[in-house]
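Architecture at a glance
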Amino acid sequence: MPSPPRKRRWLVYALGGGAGHLIRATALARAAIRSATVFPFGIEICLLTNSPFAEVIPISDELGPGHEVIRIASDLNRDETAQQIHQHLAERDFDVLVVDTFPRGLGGELKDVLPRLRCRKVLIHRDLNPEYCSLVDVAGSLKDFDLLLVPGEPALFSSAAHAIVTAPWLIRDPEELLPPAEARNRLVVDSHTQPVVAVIGCGTVAEIQQMRLLADDLSTRFESAAIRFIAPKSTTAPTKAVAVSTWPFLESIRAVSVIVGSGGYNTVNEATATKTLLIGIARKRLYDRQEKRLRLTGEPIGVSEVADRLATLLHNGVTHNAQQPQYTNGVHQAIELIESAS
Amino acid sequence: MANEANDWVAGMCNEKSGFLFSHECYHAPSETCTGCQKPICTEHAHADGAAFQCTSCVKKNRSRESSTRSGRRSTYDHYDDPYFYSGYYFGHSNYGRGFHHRDHDPFDFTEADGQGLAGDMDDTFENDMSAS
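Residue and element names in this part refer to chain A. Inspection of the secondary structure puts Arg172 in the loop between β7 (163–166) and α6 (180–186). For Arg172, a relative accessible area of 5% translates into the label buried. Among the polar contacts listed, one links the side chain of Arg172 to the side chain of Glu62, at a separation of 2.8 Å.

Written as structure tokens, this is what we have:
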């Protein structure tokens, strides 16, 4: 008697600091799980992360039951991390390996493993620091992948023969965003007309603290606006600005007039997709190029310039678009591409 | 061509020459460069008789002079000043001399310099598990 058909198994490698890799990979995994049309027997996800944000972002809730999130401690060194990665890869049977951003693995630990894996291998090709690519043989590892998915931004190897560019990948589809009134309610804003400024607490611990202080400062300066400090986890430190613990922020974005955030992938693409004003601060990263990303849509500024920029925006008047944003979430095309040739 | 005096930012040294990389100098100005009128601090002020010139102007003048003469350097040149090592500051001997012989600009090794020293990141690539 033939064995019953089993679910397709995806192992999603989303190592990297900050929340960006984790959120992008979760967006893909979440959509894959919900996609009944692509693979009729379903997809089972195992997501690997070493992001400290994995402790505060409810990834398991996003994926639901029957899926696995492996949280590797963020304070392990390269060899310890590599050992754990190798162990997880060896212990699991999977049909598809999806690697976010780092073709060789964050610590180079995938370089020798990839050629031996007999599964479909897909790279999420976010942009990378060219210096890294020139010093380390990143290009050489691209041949180990069956498919490169470029999630909506210019990237170094997007012209490779096996690269396909999709729309940006977002954690929510347009119809999943809260209507403005509900979004304001979630952000603890009573007024239906007051401009809402969302200061995003993300990145390193120091950056989050800096943004919290910035939110406090803006709250003092701009009493006509509702300044909200947004972070996945509530802060215990006293704040003048109202601190809101919510994730994903994108769900509440229809309440927001201006975002003050970094130049990270998710922040920039969420603002762009929903046509929300963004005051972007380019943070220094080892592999990502936030300044380059921000320059695609505007002018990155320093923290000390935020207040002046915000004053200008508020003075000119910020508008509220009552219409639901219309954007294409690239995760759906990505899922079809991943499975179409599997 | 010299900048108009009102192009310079008041209240701070406007010289950006650094030992390794150009960067802002936040010292209080003590002199005005006779070449370009920029406010400069004592670190970036180079005596020219009774007047002072900024590092950039001295460099320009030196460059003009060297293009019109040959032979050994004058003992009055500024070659012992680490600000004038540009062009060969990665040379081991000069780097050592400059660093040890002079109590130079405390702002020389700034974060901006660190970013400019991109080669130093070689050791960090694939070693920092918190990077993104």
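Once you've had a look at it, read on.
A word on the packing of aromatic side chains. Enumeration according to the criterion identifies four aromatic pairs over all chains in this entry. Connected via pairs of aromatic rings, a cluster forms that spans A:Phe102, A:Tyr132, A:Tyr287 and B:Phe125. For A:Arg24, the ring lying beneath its charged end belongs to A:Tyr265, and the centroid distance is 4.6 Å.

Residue and element names in this part refer to chain A. Where helix α7 (residues 205–221) contacts helix α10 (residues 306–316), the axes come no closer than 11 Å and their chain directions differ by 40°. The angle between α7 and α10 falls in the class oblique. The way α7 lies across α10 gives a crossing that is right-handed. Contacts between α7 and α10 involve Leu214, Leu218 and Arg221 from the first element and Val306, Ala307 and Leu310 from the second. Each residue belonging to the contact of α7 with α10 can be placed in one class, and the counts come to five nonpolar, no polar and one charged.

Taken residue by residue, the interface counts 14 residues in chain B and 25 residues in chain A. Taking both sides of the interface into account, the surface hidden between chain B and chain A amounts to around 1,600 Å²; carbon and sulfur atoms contribute 59%. Between A:Arg104 and B:Glu126 there is a salt bridge; the shortest N-O distance is 2.6 Å. Taken together, the connections running from chain B to chain A amount to eight residue pairs in polar contact (both at pLDDT 80 or more). Of the residues belonging to the side of chain B that touches chain A, the class tally is five nonpolar, six polar and three charged.

All names here are of chain A. Taking 1.5 Å of rise per residue, the 14 residues of helix α3 (residues 78–91) would be expected to cover 20 Å, and the 20 Å separating its terminal C-alpha atoms lies within 8% of that figure. For α3, the secondary structure elements touched by its buried residues are β1 (8–13), β2 (43–49), β3 (68–71) and β4 (96–100). Its side-chain oxygen placed 3.1 Å from the backbone nitrogen of Asp79, Asn77 serves as the N-cap of α3.

Next up on the list: the pairing of β1(A). The side chains of a regular strand alternate between both faces of the sheet. Residue and element names in this part refer to chain A. Counting buried positions along β1 gives five out of six residues, so the element sits mostly inside the fold. With six bridges joining them, β1 and β2 adopt parallel strand pairing. Across the sheet, Arg8 pairs through a bridge with Ile43, a residue of β2. In the sheet, β1 pairs with β4 via four bridges, with the strands oriented parallel. Looking at the pairing, Tyr13 lines up with Val99 of β4.

Here we take up the sheet that holds strand β9 (residues 226–231) of chain A. All names here are of chain A. Pairing within the open sheet is parallel, and its five strands lie in the order β10-β9-β8-β11-β12. Since the sheet does not close on itself, it has two edges, and those belong to β10 (242–245) and β12 (277–281), each with one partner. With strand direction ignored, the average angle separating the axes of adjacent strands in the sheet is 25°. Each of β11 (258–262) and β12 is contacted by helix α8 (residues 265–274), which is oriented at about 155° to β11, the strand it contacts most. Contacts from α10 reach β8 (196–200), β9, β11 and β12 within the one sheet, and its direction differs from that of β12 by about 170°.

In this section: the side chain of A:Arg126. The topology assignment puts A:Arg126 in the loop between β5 (120–124) and α4 (130–135). We classify A:Arg126 as buried; its relative accessible area is 4%. When residues no more than four places from it in sequence are discounted, the contact partners of A:Arg126 are A:His21, A:Arg24, A:Thr101, A:Pro151, A:Glu153, A:Ala155, A:Tyr265, A:Tyr287, A:Asp288, A:Arg293 and B:Ser132.

Procedures and definitions
Residues numbered from 1 in each chain as written. Chains lettered and ligands numbered in written order. Predicted model: local features only at pLDDT ≥ 70, side-chain atom pairs only at ≥ 80, totals over all residues. Heavy atoms only, no water. Helix = DSSP H or I, 4+ residues; strand = E, 2+ residues; numbered from the N terminus. Buried < 20%, exposed > 50% of the residue type's maximum accessible area, 1.4 Å probe, protein only. Polar contact = N/O pair within 3.5 Å; in protein donor to acceptor, adjacent residues only side chain to side chain. Phe/Tyr/Trp six-rings, centres within 6.5 Å; stacked < 30°, edge-to-face > 60°. Lys NZ or Arg CZ within 6 Å of the ring centre and 35° of its normal. Axes fitted to C-alpha atoms, helices over the stretch in contact; angles between N-to-C directions. Parallel < 35°, antiparallel > 145°, perpendicular 65-115°, else oblique. Left-handed = near helix turned anticlockwise from the far one by under 90°. Contact = heavy atoms within 4.5 Å. Nonpolar A, V, L, I, M, F, W, Y, C, P; charged D, E, K, R; others polar. Buried area = accessible area lost by both parts, 1.4 Å probe. Salt bridge = Lys/Arg side-chain N within 4 Å of Asp/Glu carboxyl O. Expected span 1.5 Å × (residues − 1). Pairing = 2+ DSSP bridges.

The values are spatial; any link to function lies outside them.
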